[in-house]
Every structure is written in C-alpha cells, then in structure tokens.
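Chains, contacts and geometry: an overview
Residue-level listing of the chains:
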Amino acid sequence: MDGHDTGHRLLAAFLAGDLNSADARLWDEHLLACEHCWQAVREDRAGRQAAQLLRQPPPAGLADRVGFAVELAAAGTVAQQRHCHGMRLRWRWLAAAGAVAATVAVTVSVLVPGGRETGTMPAAVAAVARYAQELPPAQQPAPGPGGPGAPVEVGSPVTVAAGGQQMVLRVLWLGDVEAVVAVSAQPFAMPARAHGAAGPGMAWIARLGSLGLYCRNGHASELVAARVPEAQLAALAARLPPA
Amino acid sequence: MSVDHRAFLDATLPYLDVVYQVARHAAGDGQDPEDLVQETYLRAYEAFSSWRGQNMRAWLAAICLNAARSQARRRRRRPWEASFGVPLDAFPVADAAGRHADDVADVVIAGLDAQAVARCLALLPEPQRVCIVLMDVAGYTAREAAEALGCPRGTVLARVHRGRRRLARLLTEAGVSYGRP
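So, here's what we can say about the structure.

Moving on, we come to the overall build of chain B. Within chain B one finds nine helices and zero strands. What you see in chain B, going N to C, is helices and strands ordered as α-α-α-α-α-α-α-α-α. Every one of the 181 residues in chain B was classed for burial, and the buried ones make up 48%. Long-range contacts, defined here as pairs at least 24 residues apart, represent 78% of the contacts in chain B between residues at least 6 apart.

Contacts between the two partners involve 42 residues from chain B and, on the opposite side, 36 residues from chain A. Residue assignment for the side of chain B that touches chain A shows that the elements contributing at least two residues are α1 (5-12), α2 (16-26), α3 (33-47), α5 (104-110), α6 (114-122), α7 (126-137) and α9 (153-173) of chain B. For the side of chain B that touches chain A, the leading source of residues is α9(B), giving nine residues. In terms of residue class, the side of chain B that touches chain A is made up of 27 nonpolar, five polar and ten charged.

Residues and elements named next belong to chain B. Structurally, the position occupied by N55 is in the loop between α3 and α4 (56-74). Judged by local crowding, N55 falls into the partly exposed class, with 15 C-beta atoms found within 10 Å. Spatially, the C-alpha atom of N55 lies 8.1 Å from that of E147, the residues being 92 residues apart in sequence. Each residue touching N55, except ones within four places of it in the same chain, is listed here: E144 and E147.

On to the environment of A:M202, then. Residues and elements named next belong to chain A. With respect to the helices and strands, M202 occurs in strand β5 (residues 202-208). The spacing of M202 and R216 is 14 residues in sequence and 6.0 Å in space, taken between C-alpha atoms. Setting aside its immediate chain neighbours within four residues, M202 contacts G61, D64, P187 and N217.

Reading guide: rules and limits
- Residues numbered from 1 in each chain as written.
- Chains lettered and ligands numbered in written order.
- Predicted model: local features only at pLDDT ≥ 70, side-chain atom pairs only at ≥ 80, totals over all residues.
- Helix = DSSP H or I, 4+ residues; strand = E, 2+ residues; numbered from the N terminus.
- Buried ≥ 20, exposed ≤ 12 C-beta atoms within 10 Å, placed from the backbone.
- Contact = placed C-beta atoms within 7 Å.
- Nonpolar A, V, L, I, M, F, W, Y, C, P; charged D, E, K, R; others polar.

Everything listed here is a matter of coordinates, which is why it stays silent on function.
And the structure:
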C-alpha cells in the first residue's frame, strides 16, 4: 500500500470517526505532509459548519398541531373500527338528521362517508367544507329581529359526526354572506396548508377552492366556512353569536 | 389498528425537532414543512403497530422523506430541487482577487449566510444533499442516516464528505460573506 492509499484509508477512517490511537498518530503525520488530505479535511469541516447554520427550531405550536392531528386520527380509527358494527344505525341516524335539514335541501348522507380522513384534510373539516359546498344557491333572507346585518339562521341545526368528532352545523346569513358554522366540543384539527390566525385558542385559516375556512378552537370550537376572501374570515366570525 | 395514540406521541414527539429539520429541506415547491411534519406523524401513527423497535429517529426520517417524495409525485414535481432554485449568479460576485484554493475553509467559516447556504445546498446532487441534511442539519449519526436511507454507512459517509466539500466550494465561488466585517 503506497502513501496515497494509506492517506485515503486514514481520511475515510477519520471522517467516519473510526481512527484508533495508532492510526490517529499516523493520520496526524500524514496530514502535515499531504496537502490533498489537509484540503479535504478543511473543506469537509467548512461544509459541515455551513450546513449547521440551517438548523432552526420548530415553530411554536407545531407539537400541538401534530398532537391534535394524531388525536383526531385515533378518533377516526376508533370510528372506523365501529363502522361496520354500527353501519345500519349510523345511516338511520344520518337519514333522520337529513330529514331535519330538509329546509336547507342538503343531503347529509354525502357528508360523512365512513368518517374517514380525506387526504390530508381532517374528516370533520372536510365534512363542514362539503356541507358548505353542497348548499344550493339561495337568496339573502330579510333581516331578522336583530335588524339589518344581524345573523339570520336558515333552516334547522344538523348534528353530524365525522372522524369521530361530533358537531352541530348551522347555516347563517351574516349580512350578504352565507356561512356554514360548525360548533363542536372537540377542536377542529388544522388541515394541511392551513395557517395560524389571530384569535382565541388555536385559530387557523385555510382555503379550499373558493371556500374560506376559519376556525377558533377553544372550550367550544367553531369552524366557519364561507365563500369570502381569507382576509374577511376573521371579521365574519367575529359577527357570530356566542357559541 | 388499536394503537394508543398517547403512547405513540410520547414515543415520537421528542423527535419533532429533527423531523422538522428534515421536513424543511425535504419539502418541495408548494409544500409546507409543517404540513409535511404532520403528514409524517400521521403516517407514522398508522404504521406504529408495525414498528419493531428500530431507531425511532431513523424511522421517522425515512417516513418523512417518503412522504415528501410521494407528495411531490402527486404534484408531479421533484421534491428536492424546487425550493431553492436561485442560480448562483444571484449571489454577490465573488471577490476575484486571486483567491487561492487554500482559502476555501477560511472563507466559508469566516462568515456565513444561512440563506446562501440553503441555496448552495440546493445545488448539490440529491443523495449528497439528503445526507448533509440528515447528519449536519438534523444531527443524525451516519448509522442513523444509513438506516433512514436504507444504504450502507460507508455510502452515507462518502456522500456527506463529497457534499460538504462541494458545498464549501460553492459558497466560496459565490463569494459568500468574503470580505464582510
């Protein structure tokens, strides 16, 4: 083995942290004499230190978000395990809920297809979004007893469950905007591509096509779905009556 | 599956930091690293019942990298190349004062700009980039990185060494921080 091979072997061992004490002495001697290896070590060290600059702590709230997502996935799993057993009861229950919601002409049965996750969209959020998307076109109702601009509820509340999460859905007109408002005792998990928003608890905003979603999680979590720009969602939610 | 999600979170949340480091650099164009972290944990939760006690950090990194790739495939884009597509000529022009090759390390160490490092890192071949992210950014050992990538430890070490040297040279060529106070 010539000096070059020895140097190469020692360099590899050095980089791997595998040098024994005898080799470490050899390596030190070799480094003093070998410009190539010396350069390799310097560049290796420089590259490592540069890359270490890229470390960033995870954003605050990420652990909570992940925890929520896993909790909901767990709830969905339990719901799926029960799914077959409770299939008949579930669909009867949904049919009854659908009858209650007949005034808003929405087919509830399409909302919760087994309570499963829809891609990276939590099932409960997907159900609310689907409900809002399925609303037929409607004309703005006349102002209610609260006067112009006060929320006006249309139809009757509907209770549904998706992904193991139970919630009550209402259709409200807030001025000239029609919104679906879901209220649940459980927090609504952030879907993929959602982002945090100002608001109480863990508020977040997401967009699904033309639909804006605004959630404020708390003692009673609210999810608002409406066809308005994201910038208007928080203001829209602020006009809601207390949950 | 009947996995206690609390046990899962207890076992995996301590590694959120390293998963986030991997996700930040594995997320492709249009991918949010936080979404990728969430997707990683959801996939890990689904697969937790089949986890056989192998290195947890390596297992999570492998899932994160796979999730990034599959999401990128769905978007029909390549995951590791889209985020930092700024060409090197976007950097300050290198000082052309006859810098000698020996200066590489000193130049790079002298003052570094994380954004420039990210851009130069993006120019490395993916295998080298992944190994650097795992070992130098996320703090994995070579053995853990090898486990996550499913390749021999020696391969990881060779890739990370070549990648570091190339990264150092790219930074030097880009004139990063050279001559700055």
